[in-house]
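# Descriptive structure summary
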Amino acid sequence: MSQEVQEIVQKLSDFAKLHEIKSIFIIGEYCRKHYLNQLSEINSINVVSAYHEQAMQLGGLFISEVLDCTPTFYERTGTVSAEYNGIKIEFQGDSIHSYIKNEEVKTWMQQKNIEDIPLMNNIYGRDFTINSLVYSLYTGSMYDPTKRAIHDFERKVIKSLLPSNLLIKYNPIAALEAVRLALKYEFFIDPDLRIAIKEFGTDNLLKAFTEERIVREVVNILEIDAEEGLKFLQKLDLSRILSYPEIKEYIFEGSKKNAKNSNSSTA
């Protein structure tokens, strides 16, 4: 863990214990990388509250009083954030993704008896089971509220928290995120999620996101492993998005670079 991240987590923990706040947790990337022993890569920390309105109140207080920074409030998403020693910290309540409030998604969550509180809404708005661990700032322990995260870490699988067709329907960029995570961690993508990506991924992506956003996500994939990334995208019937000029140029420049390196090594 970097010194900066360690310092923020310690301050958050001290804050929670001092005020006996048992309802705030670190969530998302921090927990995933903590489980995988990759905390040196952390550059952001998300804190989530179990209660409505608490995230903005506690976030504003912690950032201004403990970190001595000026908090930025986002009323639409109910979040408050700041940057401290190069680390972004954000307090959240409900999921910052609006799709979690869609009627079809809410109905599914009700059928599964998932409690309608900010903490659970935030968890289920994190796309994949490996993103659903939470770290209690009060107890200093990691928890698996969905009882699916640890299981899927052990299986090395990228699996949707929501039914796969709902995830790709309402958040199609998750198709590219699934590929990125699978490449990064050498995991496989769950068969149901593969089917949903093949059936709905490309069309939903092109309807919902700008060319700039799609290009950025694809480049993130290719930067991990261009050859395997291209194969992955093609196997999932996402080839159409590779026709964007920026992506073609990236692939072409990468091919030239590889050819040059190959020639140099055989000279």
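Residues numbered from 1 in each chain as written. Predicted model: local features only at pLDDT ≥ 70, side-chain atom pairs only at ≥ 80, totals over all residues. Heavy atoms only, no water.

So, about helix H8 (residues 174-185). Taking 1.5 Å as the rise per residue, H8 with 12 residues should run 16 Å; its terminal C-alpha atoms sit 16 Å apart, in good agreement. The element H8 is largely enclosed, with a buried count of 11 among its 12 residues. Within the sequence span of H8, burial applies to Ala174, Ala175, Leu176, Glu177, Ala178, Val179, Arg180, Leu181, Ala182, Leu183 and Tyr185. Just past H8, the residue Glu186 takes up positive phi, approximately 60 degrees. (Helix = DSSP H or I, 4+ residues; strand = E, 2+ residues; numbered from the N terminus. Expected span 1.5 Å × (residues − 1). Buried < 20%, exposed > 50% of the residue type's maximum accessible area, 1.4 Å probe, protein only.)

Bringing the pattern of salt bridges into the picture now. Inspection of every chain in the model, using the stated rule, returns 9 salt bridges. The partner of Arg155 in a salt bridge is Asp152, and the shortest N-O contact between them spans 3.1 Å. Here the residue Arg155 and the residue Asp152 both occupy positions in helix H6 (residues 149-155), the gap between them amounting to 3 residues, near one helical turn. The class of Asp152 is buried, set by a relative accessible area of 3%. Among the salt bridges present, the one from Glu228 reaches Lys231, with a minimum N-O distance of 3.6 Å. (Salt bridge = Lys/Arg side-chain N within 4 Å of Asp/Glu carboxyl O.)

Across the sheet, 7 strands lie side by side as S3-S4-S5-S2-S1-S6-S7; this open sheet has mixed pairing. The open sheet has two edge strands with one neighbour each: strand S3 (72-74) and strand S7 (142-143). Along the sheet face, helix H3 (residues 54-66) touches strand S1 (24-27), strand S2 (44-49), S3, strand S4 (79-84) and strand S5 (87-92) and points at about 25 degrees away from the line of S4. (Pairing = 2+ DSSP bridges. Contact = heavy atoms within 4.5 Å. Axes fitted to C-alpha atoms, helices over the stretch in contact; angles between N-to-C directions.)

Turning our attention to unusual backbone geometry. In this structure, Asp68 is a non-glycine residue whose phi angle is positive, near 55 degrees. In this model, Lys147 sits at a positive phi of 55 degrees, which is unusual for a non-glycine residue. You can see Lys147 is positioned in the loop between S7 and H6.

By size, the foremost hydrophobic cluster in this structure holds 87 residues, and its most contacted members are Leu12, Ile26, Ile45, Tyr124, Ile158 and Leu176. Broken down by element, this core gets its largest block of residues, 9 residues, from H8. (Core = buried A, V, L, I, M, F, W, Y, C linked by side-chain atoms within 4.5 Å.)

For the coordinates displayed, the defined rule picks out 6 aromatic pairs. Ring geometry for Tyr35 and Phe153: centres 4.3 Å apart, planes at 25 degrees, overall stacked. A residue pair is termed long-range when its members are at least 10 positions apart, and Tyr35 in helix H2 (residues 29-35) and Phe153 in helix H6 qualify at 118 residues. An aromatic cluster is present here, built from Phe15, Phe62 and Phe91 joined pairwise through their rings. (Phe/Tyr/Trp six-rings, centres within 6.5 Å; stacked < 30°, edge-to-face > 60°.)

Another point: the packing of helix H1 (residues 3-18) against H3. Look at H1 against H3: their axes get within 12 Å of each other, and the N-to-C directions meet at 115 degrees. When the axes of H1 and H3 are compared, the crossing they make is right-handed. Along the contact surface, H1 presents Ile8, Lys11, Leu12 and Phe15, while H3 presents Leu58, Leu61, Phe62 and Val66. Split into classes, the residues belonging to the contact of H1 with H3 amount to 7 nonpolar, no polar and 1 charged. (Left-handed = near helix turned anticlockwise from the far one by under 90°. Nonpolar A, V, L, I, M, F, W, Y, C, P; charged D, E, K, R; others polar.)

Let us look at the pairing of S5. Burial within S5 is extensive, with 5 of its 6 residues counted as buried. Sheet topology note: the S2/S5 ladder contains 5 bridges and is parallel. Of the residues in S5, the one forming a bridge with Val48 is Gln92. Pairing between S4 and S5: 5 bridges, direction antiparallel. If you follow Ser81 over to S5, its bridge partner there is Glu90.

For H3, built from 13 residues, the straight-helix expectation of 18 Å at 1.5 Å per residue is met to within 8% by its first-to-last C-alpha distance of 17 Å. Where H3 is concerned, the buried positions are Gln54, Ala55, Met56, Leu58, Gly59, Gly60, Phe62 and Ile63. One or two steps after H3, the chain reaches Asp68, where phi turns positive at roughly 55 degrees.

Contact geometry of H8 with helix H11 (residues 226-235) gives a least axis separation of 11 Å together with a crossing angle of 140 degrees. Considering the angle they form, H8 stands oblique to H11. Note that H8 runs across H11; the crossing there is right-handed. For the pair formed by H8 and H11, the contact residues are Leu176, Val179, Ala182 and Leu183 on the first element and Glu228, Gly229, Phe232 and Leu233 on the second. When its residues are assigned to classes, the contact of H8 with H11 shows 6 nonpolar, 1 polar and 1 charged. (Parallel < 35°, antiparallel > 145°, perpendicular 65-115°, else oblique.)

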